[in-house]
Amino acid sequence: MNAARTTRRAFLSYGAAAAALGAAPLSLAGPARAVAPATGHGISLIGPLRYDTGFAAFDYVDADAPKGGVLRQTRIGAFDTVNTLRFPGRPPAELRMIYDHLIVASEDEIASYYGVLAETVEVAPDFSEIVFTMRPEARWHDGAPVTSEDVAFTFETLKAEGAPYYRQAFATLTTRTDGDRVVFQNARRGDRDVIRRISTIPVHPLHVWRDGTPETPVGSGPYRVASFAAPRRLELERVAEYWGGAIGPNRGRWNFDRLVFDYYRDATVAFEAFKAGEADVRLEDDPNRWQSGYDGSALTDGTIQRDEARMLSVGALHGFVYNLRRPLLADPRVRRALALAYDFEQVNSLLFKGAYAPFDSVFAETPLAATGPAASAERAIFADAGAEITDAALADPDPFADGPRPGSREALAAASALLDEAGFAIVDGTRINPATGAPLTFDVLTPTPGYERPLAWLARALSRLGVTLAPVQTDTASAMRRMLDRDYDLASLSWSPARLPGTAERLLWHSALADRPGSYAISGLKSPALDAAIEALEQAQDDAALATAGRAFDRAFRHAEAMLPLWRSDRVWVAWWDAFNRPHAETEGFPPSPTDRWSVAAR
């Protein structure tokens, strides 16, 4: 929904607008600009642009990295189409590398974007109009020029027929062409994040797609499709004559001649393939495997290298989102009781070897994190919108501040009392729904791996209260459909707030989307206080306003209790066979990106 990469694949892990990765926790660089620049080679939404017109390369890449070689990687899951324009279907996420974008984000800035297909960017002060002038040298792989009509075609198709993210993110936008310029008009004035949303558009060739879906897609980016065999294998080859290889946003990137992606259904099998030398690099997502699974001579003799880096963003927030459309879960006492049963400290220690941080704030370790009583500027956000917020929320952002520590014996007793108060009496050790006489049971969807053991732990804790959690066994695509259809009680959610938040928060939590079919607002939460904070996040134009809006959101969200918080992951773990060069920035802690920044080491 890291952040930000909000694609259909991101939806499968519910990383709506995941933040770009970097080397340190979020800090707000200033002074911030009150309005967007008129025309330039890029745009910064907070602070000045770091890179001047005609810059040679981003500082976090090796501008003179050698080209050549092969990089083999594993992926978990499967794909069933190479149609990246129309939904449904599961295209491989790696196909994004065959397409160019109008603008791309710089990963060492909070929110700066530089032109790729766009030679210049012109932005109205209120973000009501954004104009891109196309680079005349941009070419499709078949030699045809990339035009403004290609951009308009892609936008209109994604908005009408694309993945749910595009339909929602582009709802306020329209577009038109004017020669070599494409104009986006935005009905939401002051909507700063429109720039990031436009940056997600993978521009497709109108002349190839006009008559239907091509058998093999054609792009304008650094790679083309070499071969594919759904659902298991995709190979891309570098375009030696790539038109954009020498421009600043691309120089030093996309260095391998061939990229190979093998898809596995089982993470353990994929890991064994890496250890057997059938894959070159692995981004690890299991803390136990990271700490104890990388053994053997290849590791001890240095043939396999490992590294850990800190994310620039707050990281990924993991939890179980409640479906508040369910009458039982609409009762805040029931939600509070479920949350009181979860013991982060024990789960983190026993199941994850202490690898994770507590999910005790949406914007932990940043200036946007709420602490203590709400300041007058925070209160004004709610008051100006006429949104009520509880005295408890204004006094402390922690909804458990005046109660026992979740997971403790005292917390279980408090949870039991809440369920009693809500009318769910225990009969023969089982909580009974008085309306139906049925046991109090909640189904839990977990479409991505990694939640099975904490879910089992939570289920055991709740069983002591007479409550049953029932894991739903289904494939990822079916789980996704059930979520979009609101057919669940609880569902796992991995949500990565961007370094400049706003869009993900709206897509997931704004009241206006709660009743919209197919929206990402899967909880159905309707909170005027949270809506006011989201509006403030999106309207903020300087450091102080952004920090205040973030604290207001943090406070209102945590007290809405629409999600059972599990943990926060803010580290990137990578292992690789020692045959590659990494940019100097990565050896000093900048998070890794093997596909686009590494290169083959000279032997």
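Residues numbered from 1 in each chain as written. Predicted model: local features only at pLDDT ≥ 70, side-chain atom pairs only at ≥ 80, totals over all residues. Heavy atoms only, no water.

Student: In this structure, what is going on with the sheet that holds strand E6 (residues 118–123)? I would like to understand it.
Tutor: Either a parallel or an antiparallel arrangement is found when strands of a sheet pair, and the pairing is made through backbone hydrogen bonds. Spatially, the five strands line up as an open sheet ordered E1-E6-E7-E9-E8, and their pairing is antiparallel. Both outer strands of the open sheet, strand E1 (39–40) and strand E8 (173–178), are each paired with one neighbouring strand and no more. Of the strand pairs in this sheet, E8 and strand E9 (residues 181–186) are connected by six bridges, and their pairing is antiparallel. Its bridge partner being in E9, Arg176 is matched across the sheet by Val183. Contacting strand E7 (129–134), E8 and E9, helix H2 (residues 148–161) runs over the sheet at an angle of about 160° to E8. (Pairing = 2+ DSSP bridges. Helix = DSSP H or I, 4+ residues; strand = E, 2+ residues; numbered from the N terminus. Contact = heavy atoms within 4.5 Å. Axes fitted to C-alpha atoms, helices over the stretch in contact; angles between N-to-C directions.)

Student: Help me understand the layout of surface pockets, please; the structure alone is not making it clear to me.
Tutor: When its volume is computed, the second largest pocket comes out at roughly 580 Å³. In terms of lining residues, the second largest pocket is bounded by 23 residues, among which Phe359, Asp360, Phe400, Pro406 and Pro565 are the most central. Every element with two or more residues in the lining of the second largest pocket is listed here: helix H10 (332–340), helix H11 (344–352), helix H19 (543–560) and strand E21 (563–569). Broken down by element, the residue count for the lining of the second largest pocket peaks at four residues, all from E21. (1 Å grid on protein atoms, 1.4 Å probe; cavity = no way out; pocket = protein on both sides within 12 Å on 5 of 7 lines; lining within 4 Å. Points joined across faces, edges and corners; volume = space filled by probe spheres on them.)

Student: Looking at this structure, I do not really get the packing of aromatic side chains. What am I missing?
Tutor: The way to describe two aromatic rings as a pair is by their centre distance and the angle between their planes. Using the criterion set out here, one finds 36 aromatic pairs in the structure. Where Phe352 meets Tyr356, the ring centres are 4.9 Å apart and the plane angle is 65°; that geometry is what we call edge-to-face. Summarising the burial analysis for this pair, Phe352 and Tyr356 share the class buried. Judged by centre distance (5.2 Å) and plane angle (65°), the rings of Trp495 and Phe557 are edge-to-face. With Trp495 in strand E20 (residues 490–495) and Phe557 in helix H19, this pair connects stretches of sequence that are 62 residues apart. When its relative accessible area of 0% is taken as the criterion, Trp495 is described as buried. Ring-pair connections join several aromatic residues into one group, and the members of that group are Tyr51, Phe55, Phe58, Tyr60, Tyr114 and Phe590. Lying across the ring of Phe271, Arg289 places its NZ or CZ 5.4 Å from the centre. Note that Arg306 overlies the ring of Trp290, its terminal NZ or CZ placed 4.4 Å from the centroid. (Phe/Tyr/Trp six-rings, centres within 6.5 Å; stacked < 30°, edge-to-face > 60°. Buried < 20%, exposed > 50% of the residue type's maximum accessible area, 1.4 Å probe, protein only. Lys NZ or Arg CZ within 6 Å of the ring centre and 35° of its normal.)

Student: Is there a simple way to think about the pairing of strand E11 (residues 233–238) in this case?
Tutor: As a general feature of sheets, a regular strand has side chains that alternate between the two faces. Pairing of strand E10 (residues 223–229) with E11 involves six bridges; the strand directions are antiparallel. Bridge assignment links Arg224 to a residue of E11, and that residue is Glu237. Adjacent in sequence and paired antiparallel, E10 and E11 are bridged by three residues. Both E11 and strand E12 (residues 258–264) contribute to a ladder of five bridges, which runs antiparallel.

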